[in-house]
Structures are given as structure tokens and as C-alpha cells.
Amino acid sequence: MGDVFLTLLLSALGLLLVSAGIEDARSRNIANWKNAAIALLAPAWWWANGLALWPDVAMQFGIASLVFAVFVGAFAIGQMGGGDVKMLGALALWLPVQPLIYMLVLMSLFGGALTIVMVADRWTRLRGGLGKLPWRTIAPILAAAAAAAILVYSSRLSIARVLIAQPVTTVIVAMTLVAGLGVLLLAGARAARKSGIVPETPYGVAIAISALLVLREPIFNQFT
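Conventions adopted
- Residues numbered from 1 in each chain as written.
- Predicted model: local features only at pLDDT ≥ 70, side-chain atom pairs only at ≥ 80, totals over all residues.
- Heavy atoms only, no water.
- Helix = DSSP H or I, 4+ residues; strand = E, 2+ residues; numbered from the N terminus.
- Contact = heavy atoms within 4.5 Å.
- Phe/Tyr/Trp six-rings, centres within 6.5 Å; stacked < 30°, edge-to-face > 60°.
- Buried < 20%, exposed > 50% of the residue type's maximum accessible area, 1.4 Å probe, protein only.
- Core = buried A, V, L, I, M, F, W, Y, C linked by side-chain atoms within 4.5 Å.
- Expected span 1.5 Å × (residues − 1).
- Salt bridge = Lys/Arg side-chain N within 4 Å of Asp/Glu carboxyl O.
- Axes fitted to C-alpha atoms, helices over the stretch in contact; angles between N-to-C directions.
- Parallel < 35°, antiparallel > 145°, perpendicular 65-115°, else oblique.
- Left-handed = near helix turned anticlockwise from the far one by under 90°.
- Nonpolar A, V, L, I, M, F, W, Y, C, P; charged D, E, K, R; others polar.

1. Some points on the environment of P202
So, step 1. Structurally, P202 is set in the loop between α8 (167-194) and α9 (203-215).
So, step 2. The spatial distance from the C-alpha of P202 to the C-alpha of T115 is 8.4 Å, given a sequence separation of 87 residues.
So, step 3. Setting aside anything within four residues of it in sequence, one finds P202 in contact with D24, A25, R28, L114 and M118.

This is the structure we're talking about:
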């Protein structure tokens with residue numbers, strides 16, 4: 001019965017993620033009820049996995065609050081939508097530290113790729129071809145995507161295991177790395193504005209894809 005309940009919870013989360021990603025791709029919007037449902041299902045996930053209020057649940061709240069606060073900053077400077085930030089905060093209630101880091105790094109990777117696609121599409125519409133793409137715009141985004149790819153690969157090295165064994169250090173390092181990737185993407189976005197190109201990146205798609213990829217891994221055994 002316990003395994004069935006866990007499967008149902010993960011299935012519900014997966015369906016919500018797919019639905020949110022599709023909605024964001026179509027309308028650049030994520031319904032509040034979907035993010036609320038993700039957040040409200042988290043306590044059921046904690047209960048099903050036997051998490052103690054202290055320190056397990058308290059740590060989940062702390063990590064989720066930190067993630068939400070960091071990305072509220074991205075929203076404040078116009079780099080992410082409010083629905084994207086809410087979705088990240090809600091997902092952080094589900095994920096232990098290691099998979100959360102993987103998700104954020106993958107989100108940066110997919111977000112960078114989507115931004116490049118949006119810039120290229122916008123450029124071809126405005127300028128009529130790909131022959132003179134604004135490389136000053138694309139270069140920082142490519143650098144962010146490359147950095148994210150390197151981080152995903154290096155996560156398999158022994159240094160990652162050391163960080164994972166120290167949750168506080170891991171969170172600080174992860175937030176620093178994600179912030180660095182964010183700076184590169186911000187540089188690309190500013191260059192896009194100067195070139196008259198303002199990409200409307202559906203980050204909800206990147207978040208949904210990265211979270212679904214993380215859900216495929218047997219990482220939730222950390223709870224038990």
C-alpha cells in the first residue's frame with residue numbers, strides 16, 4: 001500500500017509538471033493552482049516517506065525558502081516569471097539537496113538552450129536570416145549552457161560526493177554556481193535588449209523537463 005501511494009504521488013507530480021510546462025510554452029504562464037497543488041502534495045510525500053518534523057521537514061522548508069528567495073531576485077529584475085519562481089519553490093519542498101542541485105543545474109542548461117532558440121527565432125523574424133546572428137548576445141548564454149553541462153558531468157566525480165556529505169556546504173556551493181550561471185544568462189539577456197531582441201524564454205518548460213529527469217533517478221531513497 002505504501003509503494004502504491006508513493007507511486008500515485010509521483011504520478012500526480014509528473015502530470016502537474018507536464019501540464020505546467022505545456023501551459024508555459026503556450027502562454028508564458030503557469031496557473032497558480034498547479035504550483036499550489038505541487039506544494040500541498042509535499043506534506044503527503046513527507047508523511048509517506050516517514051520524515052520527522054525535526055530535522056527533516058525543517059530542512060526541506062529551509063532549503064525551499066532559500067531557493068524561493070534566490071529566484072525572487074531573478075523575478076525582481078525581470079529574468080523569470082512569477083509562476084516559474086513559485087514552481088521552483090514548490091519543487092524544492094519535494095527534493096533532497098542532491099537532486100535539487102541536479103535539477104537547478106539541468107534547468108540552467110535547458111534554460112540556456114531555450115533562450116538561444118528564442119533569440120535565434122526572434123533574430124530571423126526581425127532580420128530575415130541566421131547569417132548575422134548577434135554573437136555578443138548568444139556567447140554568454142552558450143557559456144552558461146557549457147558551464148551547466150560541465151557541472152552535470154563533474155557531479156559524478158569524487159568531489160561531488162564530498163559536497164553531498166555536507167548539506168550546508170552543498171547548498172552554499174550550489175547556490176553560488178547557479179547564481180554564476182544566472183549572471184551569464186543575465187548578460188545575454190541585456191545584450192539581447194540592446195540588439196532589439198527580447199527573448200521570452202518559457203523557463204517553466206526547462207523546470208518541468210529537469211524535474212522529470214530527476215524524478216527518473218532512484219534518488220528518493222535518501223528519505224528512507
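Moving on, there is more to tell.
2. Focus on the packing of aromatic side chains
So, step 1. Here the structure, examined in full by the defined rule, presents three aromatic pairs.
So, step 2. On the numbers, 6.0 Å between centres and 75 degrees between planes, the contact of F5 with W47 is edge-to-face. Separated by 42 residues along the polypeptide, F5 in helix α1 (residues 2-27) and W47 in helix α2 (residues 32-48) bring together distant segments of the chain.
So, step 3. Judged by relative accessible area, W47 falls into the exposed class, the value being 65%.

3. Some points on the nonpolar core
So, step 1. One finds F71, L88, L91, W94 and M103 to be the most contacted residues of the largest nonpolar core, which totals 42 residues.
So, step 2. Among the elements of the structure, α1, α2, α3 (53-76), α4 (82-92), α5 (97-127) and α9 are those that each provide at least two residues to this core.
So, step 3. With eight residues, α5 is the largest single contributor of residues to this core.
So, step 4. Among residues more than four places away in sequence, those in contact with L88 are V67, F71, M80, M103, L104, M107 and I207.

4. A look at α3
So, step 1. When the terminal C-alpha atoms of α3 are compared, their 32 Å separation across 24 residues agrees well with the 34 Å that a helix rising 1.5 Å per residue should span.
So, step 2. Restricting attention to buried positions, one finds in α3 the residues V57, Q60, I63, A64, V67, F71 and A74.
So, step 3. Phi turns positive one or two residues past the end of α3, at G78, with a value near 80 degrees.

5. Concerning the pattern of salt bridges
So, step 1. Scanning the model with the defined rule gives one salt bridge in all.
So, step 2. Here K34 makes a salt bridge to E23, at a shortest N to O gap of 2.9 Å. Residue K34 is located in helix α2, and its partner E23 is located in helix α1; the two are separated by 11 residues in the primary sequence. Residues K34 and E23 agree in their burial class; the two are buried.

6. A word on the environment of I209
So, step 1. For I209, the position within the fold is in helix α9.
So, step 2. By relative accessible area, which is 36% here, I209 ends up partly exposed.
So, step 3. Sequence separation between I209 and F110 is 99 residues; the distance between their C-alpha atoms is 8.1 Å.

7. Observations regarding α2
So, step 1. Over its 17 residues, α2 runs 25 Å from end to end, which matches the ideal 24 Å to within 8%, given 1.5 Å per residue.
So, step 2. Restricting attention to buried positions, one finds in α2 the residues K34, N35, I38, A42, W45 and W46.
So, step 3. Where α2 terminates, the next one or two residues include G50, which has phi positive at roughly 70 degrees.

8. With respect to the packing of α2 against α4
Between two packed helices, the angle of one axis relative to the other and the distance separating the axes together describe the packing.
So, step 1. Packing of α2 against α4 leaves a shortest axis separation of 8 Å and a crossing angle of 10 degrees. The orientation of α2 with respect to α4, classified from their angle, is roughly parallel. Here α2 runs over α4; the crossing is left-handed. Counted together, N32, N35, I38 and A39 of α2 and G83, K86, M87, A90 and L91 of α4 form the full contact between these two elements.
So, step 2. Along the lines of polarity and charge, the residues of the contact of α2 with α4 split into five nonpolar, three polar and one charged.

9. Looking at the packing of α3 against α4
So, step 1. Running from N to C, α3 and α4 point in directions that differ by 165 degrees, and their axes come no closer than 8 Å. Our classification of the angle between α3 and α4 gives roughly antiparallel. Crossing of α3 over α4 shows right-handed handedness. For the pair α3 and α4, contact is made by Q60, A64, V67, F68, F71, V72 and F75 and by G82, V85, K86, L88, G89 and A92, respectively.
So, step 2. Of the residues contributing to the contact of α3 with α4, the split by class is nine nonpolar, three polar and one charged.

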